[in-house]
Amino acid sequence: MSSVDERLDRVAFNGDGLVPAVVQEHGTGEVLMLAWMDREALRRTLTEGRVTYWSRSRGEYWRKGDTSGHVQVVRSARIDCDGDTVLLEVDQTGAACHTGTHSCFDGSERDLHPVMS
């Protein structure tokens with residue numbers, strides 16, 4: 001078994017074979033987006049160095065930046081204490097969000113609770 005397979009075996013994929021991936025910008029720590037990965041998407045990400053996701057709506061692999069040019073290069077990949085969430089630290093080129101914003105969490109219209117000062 002390769003070391004990549006051993007690392008993938010530590011991930012607790014859900015009943016649909018997916019795991020959520022929280023994407024954080026290297027250097028700033030800003031949370032950019034949340035997406036889904038299956039075992040093959042995570043394997044591609046770990047071996048190729050560019051982030052690949054599984055698109056639940058399209059039912060296909062999606063390598064970030066192939067059509068938009070907004071590439072994500074992996075700097076680190078970790079799992080949480082339960083192994084059921086992946087944290088990717090990336091170098092982000094361009095917008096991370098499909099709406100064109102740097103982060104999918106940008107904009108006051110996304111606020112659910114006022115920021116306390």
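About the thresholds
- Residues numbered from 1 in each chain as written.
- Predicted model: local features only at pLDDT ≥ 70, side-chain atom pairs only at ≥ 80, totals over all residues.
- Heavy atoms only, no water.
- UniProt positions renumbered as here; feature names shortened; annotations may be inferred.
- Helix = DSSP H or I, 4+ residues; strand = E, 2+ residues; numbered from the N terminus.
- Buried < 20%, exposed > 50% of the residue type's maximum accessible area, 1.4 Å probe, protein only.
- 1 Å grid on protein atoms, 1.4 Å probe; cavity = no way out; pocket = protein on both sides within 12 Å on 5 of 7 lines; lining within 4 Å.
- Points joined across faces, edges and corners; volume = space filled by probe spheres on them.
- Polar contact = N/O pair within 3.5 Å; in protein donor to acceptor, adjacent residues only side chain to side chain.
- Phe/Tyr/Trp six-rings, centres within 6.5 Å; stacked < 30°, edge-to-face > 60°.
- Lys NZ or Arg CZ within 6 Å of the ring centre and 35° of its normal.

Per an unreviewed UniProt entry, the protein is named Phosphoribosyl-AMP cyclohydrolase, and its organism is Microbacterium nanhaiense. The UniProt entry for the protein carries this comment under Subunit (unreviewed entry): "Homodimer." Taken directly from UniProt, the Subcellular location (unreviewed entry) text for the protein runs: "Cytoplasm".

**A word on the UniProt feature "binding site: Mg(2+)" (unreviewed entry) in the protein**
Under the UniProt annotation, the feature "binding site: Mg(2+)" (unreviewed entry) is placed at Asp80, Asp82 and Asp84. Relative to the assigned elements, Asp80 resides in the loop between strand S5 (72-79) and strand S6 (86-92). Judged by relative accessible area, which is 29%, Asp80 ranks as partly exposed. As for its placement among the helices and strands, Asp82 is situated in the loop between S5 and S6.

**So, the layout of surface pockets**
What the largest pocket holds in volume is close to 490 Å³. The wall of the largest pocket is formed by 21 residues, among which Met33, Leu34, Arg58, Trp62 and His98 lie closest to the centre. Listed by contribution, the elements that provide at least two residues to the lining of the largest pocket are strand S2 (31-38) and strand S3 (52-55). Top contributing element to the lining of the largest pocket by residue count: S2, with 4 residues. In this model, the second largest pocket occupies a volume close to 190 Å³. Around the second largest pocket, the lining residues are Arg7, Leu8, Arg10, Val11, Leu42, Leu46, Ala77, Arg78, Ile79 and Val86.

**Some thoughts on the environment of Asp80**
Remark: the alpha-carbon pair of Asp80 and Val90, spanning 10 residues in sequence, is separated by 17 Å. One polar contact links the side chain of Asp80 to the main-chain amide nitrogen of Gly83, over a distance of 2.8 Å.

**Focus: the packing of aromatic side chains**
Scanning the model with the defined rule gives 2 aromatic pairs in all. A ring pair is formed by Tyr53 and Trp62, whose centres lie 4.9 Å apart and whose planes are at 40°; its orientation type is tilted. Between Trp54 and Tyr61, the ring centres sit 4.9 Å apart and the planes meet at 70°, which makes this aromatic pair edge-to-face. With a relative accessible area of 28%, Tyr61 lands in the partly exposed category. Above the plane of the ring of Tyr61 lies Arg44, whose end atom (NZ or CZ) is 4.2 Å from the centre.

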